[in-house]
Amino acid sequence: MKYMNIKQLNKFFAAVLVAIAVMAGGCSDKEQQTSQTAAKEQQKTAVLKPKEEIFGDEDIFNAPRIQFVYTAKDGTEEIWSCKLDGSDVRVSVDSEFLLLKGATGFANRQIMRSPDNRYIVASMYANDTIEKHLFDLKTKTKTVIMEGGMVPHFAWTPDSKHVLFYSDPGLMDYNVETGELKTRKWIQSYGFYIIESGEFVAVLENGLQYYAPDGETKTRFVELIDENMKNKFEKLEIRKTVGDDGHYMTADGKYFMYYLVTGFTETMDTIKELYVIDMADPSKTLHSITNDKIRWIIRGFIPPQVESIYYSAGAIFDIKSQKVSYIKGLDEIMMKYMSIFNTRGSK
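## With respect to the overall build of the chain
Per the secondary structure count, the chain includes four helices and 26 strands. When each of the 347 residues of the chain is scored for burial, the buried share is 50%. In the chain, 45% of the contacts between residues at least 6 apart in sequence involve partners at least 24 apart. Approximately 17200 Å² of the chain is accessible, and the part contributed by carbon and sulfur atoms is 50%.

## Some thoughts on the pairing of strand β2 (residues 65-71)
Of all seven residues that make up β2, six are buried, and the element is covered over most of its length. What sits between β2 and strand β3 (residues 77-83) in their antiparallel hairpin is a turn of five residues, with glycine 75 showing a positive phi close to 90°.

## Considering the side chain of serine 167
Note on placement: serine 167 falls in strand β11 (residues 162-167). Taking the relative accessible area as the measure of exposure, serine 167 reaches 2% and is therefore buried. Ignoring sequence-local partners within four residues, the contact set of serine 167 consists of Lys132, Met146, Gly148, Gly149, Met150 and Met172.

## Structural notes on the sheet that holds strand β12 (residues 170-175)
Read from one edge to the other, the open sheet built from four strands follows the order β10-β11-β12-β13, with strand pairing classed as antiparallel. The strands lining the two open edges of the sheet, one partner per strand, are β10 (154-156) and β13 (181-184). The average undirected angle you get between the axes of adjacent strands in this sheet is 30°. Looking at chain direction, β11 and β12 are connected through six bridges and run antiparallel. Following the sheet pairing, phenylalanine 165 is matched in β12 by methionine 172.

## Section: the environment of lysine 328
With respect to the helices, strands and loops of the structure, lysine 328 is situated in the loop between β25 (323-326) and β26 (334-341). The exposure class assigned to lysine 328 is exposed, which follows from its relative accessible area of 62%. With 14 residues separating them along the chain, lysine 328 and glycine 314 place their C-alpha atoms 9.1 Å apart.

## Section: empty space enclosed by the protein
Counted by the stated rule, this structure contains one cavity of 30 Å³ or more. For the lining of the largest cavity, a count of residues per class yields eight nonpolar, three polar and one charged.

## Overview of the sheet that holds strand β15 (residues 200-203)
Read from one edge to the other, the open sheet built from four strands follows the order β14-β15-β16-β17, with strand pairing classed as antiparallel. Strands with a single pairing partner mark the edges of an open sheet, and in this sheet they are β14 (192-194) and β17 (218-223). On average, adjacent strands in this sheet sit at an angle of 20° to one another, irrespective of strand direction. In the sheet, β14 pairs with β15 via three bridges, with the strands oriented antiparallel.

## Remarks on the confidence of the model for the chain
Detail in the predicted coordinates should be disregarded across regions flagged by low pLDDT. Looking at the chain, pLDDT values average 78 and 72% of them are 70 or higher. When mean pLDDT is taken per element in the chain, strand β4 (residues 90-93) scores highest with 96 and helix α1 (residues 6-23) scores lowest with 45. Considering only residues more than four positions removed or in separate chains, one finds that residues 12-27, a stretch of pLDDT under 50, has 15 contacts. Within the model, pLDDT remains below 50 along residues 35-46, and this stretch shows 15 contacts once partners closer than five positions in the same chain are excluded.

Basis of the calculations
Residues numbered from 1 in each chain as written. Predicted model: local features only at pLDDT ≥ 70, side-chain atom pairs only at ≥ 80, totals over all residues. Heavy atoms only, no water. Helix = DSSP H or I, 4+ residues; strand = E, 2+ residues; numbered from the N terminus. Buried < 20%, exposed > 50% of the residue type's maximum accessible area, 1.4 Å probe, protein only. Contact = heavy atoms within 4.5 Å. Areas by Shrake-Rupley, 256 points an atom, 1.4 Å probe, with all protein chains shown as cover. Pairing = 2+ DSSP bridges. Axes fitted to C-alpha atoms, helices over the stretch in contact; angles between N-to-C directions. 1 Å grid on protein atoms, 1.4 Å probe; cavity = no way out; pocket = protein on both sides within 12 Å on 5 of 7 lines; lining within 4 Å. Points joined across faces, edges and corners; volume = space filled by probe spheres on them. Nonpolar A, V, L, I, M, F, W, Y, C, P; charged D, E, K, R; others polar. pLDDT = per-residue confidence, 0-100.

Right, dumping it as structure tokens:
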């Protein structure tokens, strides 16, 4: 089955409007021309709304997908998803569902889909504060899991039963089945992942600290920035740490990507050194790239090829050509808080 992307939908929509204007009986040439002009102007500002995303539909969830916040020209926000090539655009959370529980819009940072694709968790502006909201795409219900606190990153357990995030008073653990919210032992990090094995992987200044599934017992440390790299970066007087949002680990824990700022162009764009690591042998780097076009927040890549890196705002960095392109059909709409989901078991 083939699907139309946003550009194709808009062209179809425009053609229908123009056809209706032309076929209108009893109109003069001037009136017809006016109607056609009005139809074209309406098409410029209108986006034909995609179909609804149906939880559990195998035709929708047969491959990895991109999730993002779509913002209409009137400021209305919705959560949409599509395939990696921009086709099969779907509405995951419409504006009415989004604004339940007093929500007025998204706070900053990424929205996170659960591994089973059923839930989305996000930080929302609501009731004069920032709240953490859980969207159940199966039952079409929303739950406020916490009021107040910071705007965190979220991490799901592999079974989709728990979502973890940093907030006051610590590392919070919400059970989606019981509704219980508890505080866990703090894990110091610049972001962390829970991979398919259940292990916690904390991103530190110079490497990755692994914890057992209990989130407390340290098991191993993988050094990414050795003394030679530290000396090089200190000599250049640039940031040595792995930056928050500047890293990404695949759900199976097999690949890790991060970048370091290594300088600036004449126009003050940052130049970054980007590394892609195969965690089966962290001493060997799959890719090492220095490029001033690597400037967006990393949102994912698909193993095992690791040929393209997806960034925020729909940008794609091709590793081989080192050129930047945009997701076809979505390059003319506002995309925020993009992420890749439904990747578990992808080949």
